[in-house]
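Coordinate inspection notes
These are the residues of each chain, in order.
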Amino acid sequence: AGGARGASAMRPLTEEEARAVFGKLFKFVGKDVELFLRKKNNESYCFRLQKNKVYYVRDLLMKKATNIARDKLTALGTQIGKFTHSGKFRLTIT
């Protein structure tokens, strides 16, 4: 029961997951991936994973969300893609 609850909590990407996400982003965005993560107003963004879905979240919002229990947080940020059952990352373009 504890494992299922932990699996649904929002968490940072592992190194392997981050490599898959950045690889796919680089394929579609190119060298401007860094600009994608750092907007004009110099705010930083990060990626978080929840139930195999990857979210793009502003760092300031992420810090404020630490006051919310992980198992109570449904979603935070913008979903940019998800990991398939085979472990491949699928970018969602909306």
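Since this is a predicted model, take the numbers as computed values, not measurements. (Residues numbered from 1 in each chain as written. Predicted model: local features only at pLDDT ≥ 70, side-chain atom pairs only at ≥ 80, totals over all residues. Heavy atoms only, no water.)

1. Looking at a nonpolar patch on the surface
As a reminder of what qualifies: Note on patches: the residues involved have over 30% relative accessible area and no salt bridge, like charges join within 9 Å, and the nonpolar side chains Val, Leu, Ile, Met, Phe, Trp and Tyr join within 5 Å. What sets the accessible areas is the Shrake-Rupley method with a 1.4 Å probe; for residues, cover comes only from the shown protein chains. Basic side-chain nitrogens of Lys or Arg form a salt bridge, by our definition, when they fall within 4 Å of a carboxyl oxygen of Asp or Glu. Secondary structure is summarised from DSSP: a helix means a run of H or I of at least four residues, a strand means a run of E of at least two, and numbering begins at the N terminus for each. Under the scheme applied here, a residue whose accessible area is under 20% of the maximum for its type counts as buried, over 50% as exposed, and between as partly exposed, the area being computed with a 1.4 Å probe on protein chains only.
There is a patch of nonpolar side chains on the surface, built from Phe28, Val29 and Ile93 and spanning about 310 Å² of accessible area. Tracing the backbone through its elements, the reader meets Val29 in helix H2 (residues 15-29). By relative accessible area, which is 33% here, Val29 ends up partly exposed.

2. Remarks on the nonpolar core
The criterion, for reference: Only buried residues count toward a nonpolar core, which is a set of Ala, Val, Leu, Ile, Met, Phe, Trp, Tyr and Cys residues joined through side-chain atoms within 4.5 Å. By definition, residues are in contact when any of their heavy atoms lie within 4.5 Å.
Core analysis: the largest hydrophobic core is formed by 13 residues, its most contacted members being Leu13, Val21, Phe47, Val54, Ile80 and Phe89. When contributions to this core are tallied by element, the ones reaching two or more residues are H2, strand S2 (45-50), strand S3 (53-58), strand S4 (78-83) and strand S5 (89-91). Per element, the largest residue contribution to this core is three residues, and it comes from H2. Setting aside residues up to four positions removed in sequence, Leu13 forms contacts with Ala18, Val21, Phe47, Arg48, Leu49 and Val54. One finds Met62, Ala65, Leu73 and Leu76 within the second-largest nonpolar core, a separate group that totals eight residues.

3. Things to note about the confidence of the model for the protein
We apply this condition: Residue-level confidence of the predictor, termed pLDDT, takes values from 0 up to 100.
On average, the protein scores 81 in pLDDT, and the residues at 70 or more come to 84%. Mean pLDDT values over the elements of the protein span from 46, in helix H1 (residues 2-8), up to 94, in S5. In this model residues 1-6 is a low-confidence stretch, pLDDT under 50, and it forms one contact with partners more than four residues away in sequence or in other chains.

4. As for unusual backbone geometry
Phi is positive for Lys51, close to 50°, though the residue is something other than glycine. In this structure, Lys51 sits in the loop between S2 and S3. The exposure class assigned to Lys51 is exposed, which follows from its relative accessible area of 56%. The phi dihedral of Asn52 is positive, around 60°, even though this residue is not glycine. Here Asn52 shows up in the loop between S2 and S3.

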